[in-house]
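Spelled out, the chains give:
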Amino acid sequence: MLKNKNTPQTLMLSAAVGLLSLGLSLQASADQYSDAAKKWVDNEFQPSTLTKEQQLKEMAWYTEAAKPFRGMEINVVSETLATHEYESNTLAKAFTEITGIKVTHNLIQEGDVIEKLQTQMQSGRNIYDAYVNDSDLIGTHFRYGKVVPISDMIKGDAKDVTSPTLDLDDFIGLEFTTAPDGKVYQLPDQQFANLYWFRADWFERDDLKKKFKDIYGYELGVPVNWSAYEDIAEFFSDKVKTIDGKRVYGHMDYGKKDPSLGWRFTDAWFSMAGEGDKGLPNGLPVDEWGIRVEDCHPVGSSVTRGGAVNGPAAVYATRKYKEWLEKYAPPEAQGMTFSEAGPVPAQGNVAQQIFWYTAFTSSMTKDGLPVVNEDGTPKWRMAPSPHGPYWEKGMKLGYQDVGSWTFMKSTPEKRRLAAWLYAQFTTSKTVSLKKTLVGLTPIRESDINSEAMTEAAPKLGGLVEFYRSPARVQWSPTGTNVPDYPKLAQLWWQYISQVTSGEKTPQQALDGLAEAQDNIMMRLERANVMATCGPKLNEPRDASYWLNQPGAPKPKLENEKPKGETVPYQELLKSWEEAEKS
Amino acid sequence: MTHSKRRGFGITFYILLLLLPIYWLLNMSFKTNQEILSSLTLWPQNFTFHNYAVIFTDPSWYDGYINSMIYVSINVVITLLVSLPAAYAFSRYKFVGDKHLFFWLLSNRMAPPAVFLLPFFQLYSSIGLFDTHIAVALAHCLFNVPLAVWILEGFISGVPREYDEMAYIDGYSFPRFFIKIFIPMIRSGIGVSAFFAFMFSWVELLLARTLTSVDAQPIGAIMTRTVGASGIDWGVLAAAGVLTIIPGLLVVWFVRNHVATGFALGRV
């Protein structure tokens, strides 16, 4: 009885305590997000181009916008790169604490990312809620119609979850993710370029400079054209041979039969040689893949259809690739893949490399390397790549990789929008300068011009100078002419390797490549799988017809080795500025 | 005496030769990337545990091992549960088409896993099994069950039918007979089947990778992240490799006697 009597009271009391504590915890949870934001802004997201107040305000917007998505778990994926590791380990955690959306940022090899993306495109089933996918696939995405353009999202269903401080115009790579229909398909997340790399310390040595001038009749410096590059390669490999008792080489490359062999060709080799037409970011109507488009429809890549992939410029470039690899590179280079060849210049016996990814910057500035001075500054510099004899002003001069957030139509809307929030977060001004300093893959104009980048510049061998120069627009990813990047890219290494092995001449191998490319495009045309701008192949006609038309495909030059031209590095920095005016 | 000495030397040399790649992997896993890339060293000059620390401190790394172990264990259990009764039936009973069915079962193993990729992906994602451990375990059963049935059928046929009959006369119910008397008699066969199921499932990557994205991602898929646009992280890759050998090593250690008997009985 007594017990019974007490029960309601106890109940009431415990209910009251419970309610109170619930109230307290609600109170606490209202603040938990802003506390987290403050913690991250104070301890991690410094330096930034924003003031702390602005940063906190931006973060507060994320907390608010994420309310409807709180408690969700989303999965995004990207390739492995210092920048993405930072996102996966740090930014994903910060985002989860600031917004309450649990995000898993998965890292896998780039090939696997593409495989998952293709599986999702073909099956229509959601695997990841967002992908960081190279903008090289822009031609693929806008044709297949499986990707939600971010410009549509911003105006449409993601209107309320698009950050007012996103500032799209600040992104330097936006042009590369914009399709001919004017829509922006992807949001750039990291980018790095392919530049010329050389040992600035050796190029400054008086004995070497004199010797070079005696032999070749002009100054040793950063090569402007391939003739000079070839001379310098020969100079170091055959004339100098040893520096400080160590065998040195004037060229580095790789030649193993491996998918990565295709990259160096589809990325930049032909564009540097001058295979395509004028036009930035990519040549029109013929791009550096040798694919001609008419009114956004690819019409062929063989010369007989108006393309240029087996034209004289491409053949010349392929011949030079093989010749230099055999004559001037270290002998083991022929058996190497991209990843094996990449770290070789850091070992200190390579004088120059025509084609070097700036993604290697941080691994080449590590203390204790033979290419790094005592004070931590590099002995090497990066500079614009030299161009081949077919190249003309107004053409692209190299490759830039632009990893960009990509959203699929087959992802459930709510998950896609939550992932869109995360994508904006990883590129927001609050975090992006810090991310750039960690991964050295700048995406925002404001970061590049920041004081923090000026301070970091001396240790980065020219990276900051390059990205500040307007010349950077000459470095661009694969463009919109390529209708199906995964299907076409995989052809290249198989045909190029026939050249490295000596099985076929460059002309024969490239004829094979052109035919294979056209066959794939023909199949795409027949299958009619593309939503817009699908291939419509030209009827083959005599090659001379196309070669006599202006622009690409260009007829064979009488003299493919004009006089070598070089410039001192300091003057070159100036030329980057001049590129703006031209 | 000299003869056996010479033979001892030969075997030692042979074993050393076999162990060389594994030693090299182990050696690399204790080196820094800089050392791996810069010169040829027979043992680590700057000994480091850094590569292992990367794996053990990052959940997205060690979860891969846990995921792999989970689906491999599930797979081994399912394989044995399914193939023991099947093998018994094939061995003891005659039914229409038994020979053909038995052969058909085995022919499943002859198809390369790659052909099942997309159908399995479609199937699993439509029934909500995508990215779960059970999905991978079931997919691997397609290859492991036939092999296990085939191995076990051999062992079971080696047990005279009279045992079954005697147990029946002694009043054992069938389940009791099967568990108490029969299974202990084909222990070695079960050990061998479990071993092969484990081995296949542990190293299979294609299906495991395609059927998962995050929650059940196998270690093999996670290892690919050491390959990036700025080169390969050789040290961590080697450490991850060493760690994948260990579970296999343990399993072999535990079933080594059974495997030896299994081999001796000739079915494998």
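The name given to chain B in an unreviewed UniProt entry is Carbohydrate ABC transporter permease, with Marinobacter halodurans as the source organism. If you open the UniProt record of chain B and go to Subcellular location (unreviewed entry), you find "Cell membrane". UniProt, in its Sequence similarities (unreviewed entry) section for chain B, records the words "Belongs to the binding-protein-dependent transport system permease family. MalFG subfamily."

A separate point is the confidence of the model for chain A. Chain-level statistics for chain A give a pLDDT mean of 92 and a share of 94% at 70 or above. Scored below 50 in pLDDT, residues 1-7 of chain A makes 0 contacts in the model with residues more than four places away or belonging to other chains.

Residue and element names in this part refer to chain A. What the rule picks out here adds up to 1 disulfide over all chains. Paired through a disulfide, Cys296 and Cys533 show a sulfur-sulfur distance of 1.9 Å. What sets the handedness of the Cys296 and Cys533 disulfide is the S-S torsion sign, and at about -90° it is left-handed. Of this pair, Cys296 sits in the loop between strand S8 (292-294) and strand S9 (297-300) while Cys533 is found in the loop between helix H19 (506-527) and helix H20 (543-547), placing the two residues 237 residues apart along the sequence. For Cys533, a relative accessible area of 14% gives the class buried.

What follows covers the pattern of salt bridges. Residue and element names in this part refer to chain A. This structure, assessed with the given rule, holds 33 salt bridges over all chains. One salt bridge connects Asp42 with Lys52, and the closest N-O pair in it is separated by 3.1 Å. Pair noted here: Asp42 is in helix H1 (residues 2-43) and Lys52 is in helix H2 (residues 52-65), with a separation of 10 residues, a long-range link. Judged by its relative accessible area of 37%, Lys52 falls in the partly exposed class. When the shortest N-O distance is used, the salt bridge between Asp253 and Arg264 registers 2.5 Å. Of the two residues, Asp253 sits in the loop between strand S7 (246-247) and helix H10 (259-273) while Arg264 sits in helix H10, which places them 11 residues apart along the sequence.

Moving on to the domain arrangement of chain B. All names here are of chain B. Its domain assignment divides chain B into domain 1 (1-48) and domain 2 (58-265). Of note, the centres of domain 1 and domain 2, computed from C-alpha atoms alone, are 32 Å apart. At the interface, 9 residues of domain 1 touch 8 residues of domain 2. Carbon and sulfur atoms make up 78% of the surface buried where domain 1 meets domain 2, a total of about 670 Å² over both sides. Considering only the side of domain 1, the residues that lose the most area to domain 2 are Leu25, Ser29 and Asn33, jointly responsible for 57% of the buried surface there. Viewed at the interface, domain 2 and domain 1 are joined by 0 salt bridges. Counting the contacts that link domain 1 with domain 2 gives 3 residue pairs in polar contact (both at pLDDT 80 or more). When residues of the side of domain 1 that touches domain 2 are traced back to their parent elements, those giving at least two are helix H1 (2-29) and helix H2 (33-38). Top element by residues in the side of domain 1 that touches domain 2 is H1. It accounts for 5 residues. Partitioned by chemical class, the residues of the side of domain 1 that touches domain 2 number 6 nonpolar, 2 polar and 1 charged.

Okay, helix H9 (residues 174-185) of chain B next. All names here are of chain B. With 12 residues, H9 extends 15 Å from end C-alpha to end C-alpha; this agrees with the ideal 16 Å at 1.5 Å per step. Of the positions making up H9, those classed as buried are Phe177, Phe178 and Phe182. The buried residues of H9 occupy one face: seen down the axis, they fall within an arc of 95°. Pointing more than 90 degrees away from the buried face of H9 are the exposed residues Pro175, Ile179 and Lys180. Against helix H4 (59-92), helix H7 (133-157) and helix H8 (161-169) lie the buried residues of H9.

A few words on the interface of chain B and chain A. With 26 residues of chain B at the interface, the matching set in chain A holds 31 residues. For the pair chain B and chain A, the summed buried surface comes to about 2400 Å²; carbon and sulfur atoms form 52% of the total. Per-residue buried area on chain B facing chain A is highest for Val214(B), Arg225(B) and Ala229(B); these three make up 23% of the total on that side. Along the contact surface separating chain B from chain A lie 2 salt bridges. Asp112(A) is the salt-bridge partner of Arg209(B), the closest N and O atoms lying 3.3 Å from each other. Scanning the region where chain B abuts chain A turns up 13 residue pairs in polar contact (both at pLDDT 80 or more). Breaking the side of chain B that touches chain A down by element, the ones donating at least two residues are H2, helix H6 (117-126), helix H11 (206-210), strand S1 (227-228) and strand S2 (231-232) of chain B. Here the side of chain B that touches chain A gets 5 residues from one element, more than from any other, and that element is H6(B). Partitioned by chemical class, the residues of the side of chain B that touches chain A number 10 nonpolar, 13 polar and 3 charged.

Definitions and cut-offs
- Residues numbered from 1 in each chain as written.
- Chains lettered and ligands numbered in written order.
- Predicted model: local features only at pLDDT ≥ 70, side-chain atom pairs only at ≥ 80, totals over all residues.
- Heavy atoms only, no water.
- UniProt positions renumbered as here; feature names shortened; annotations may be inferred.
- pLDDT = per-residue confidence, 0-100.
- Contact = heavy atoms within 4.5 Å.
- Disulfide = S-S within 2.5 Å.
- Helix = DSSP H or I, 4+ residues; strand = E, 2+ residues; numbered from the N terminus.
- Buried < 20%, exposed > 50% of the residue type's maximum accessible area, 1.4 Å probe, protein only.
- Salt bridge = Lys/Arg side-chain N within 4 Å of Asp/Glu carboxyl O.
- Domains from an automatic or database assignment.
- Buried area = accessible area lost by both parts, 1.4 Å probe.
- Polar contact = N/O pair within 3.5 Å; in protein donor to acceptor, adjacent residues only side chain to side chain.
- Nonpolar A, V, L, I, M, F, W, Y, C, P; charged D, E, K, R; others polar.
- Expected span 1.5 Å × (residues − 1).
- Arc of directions from axis to C-beta.

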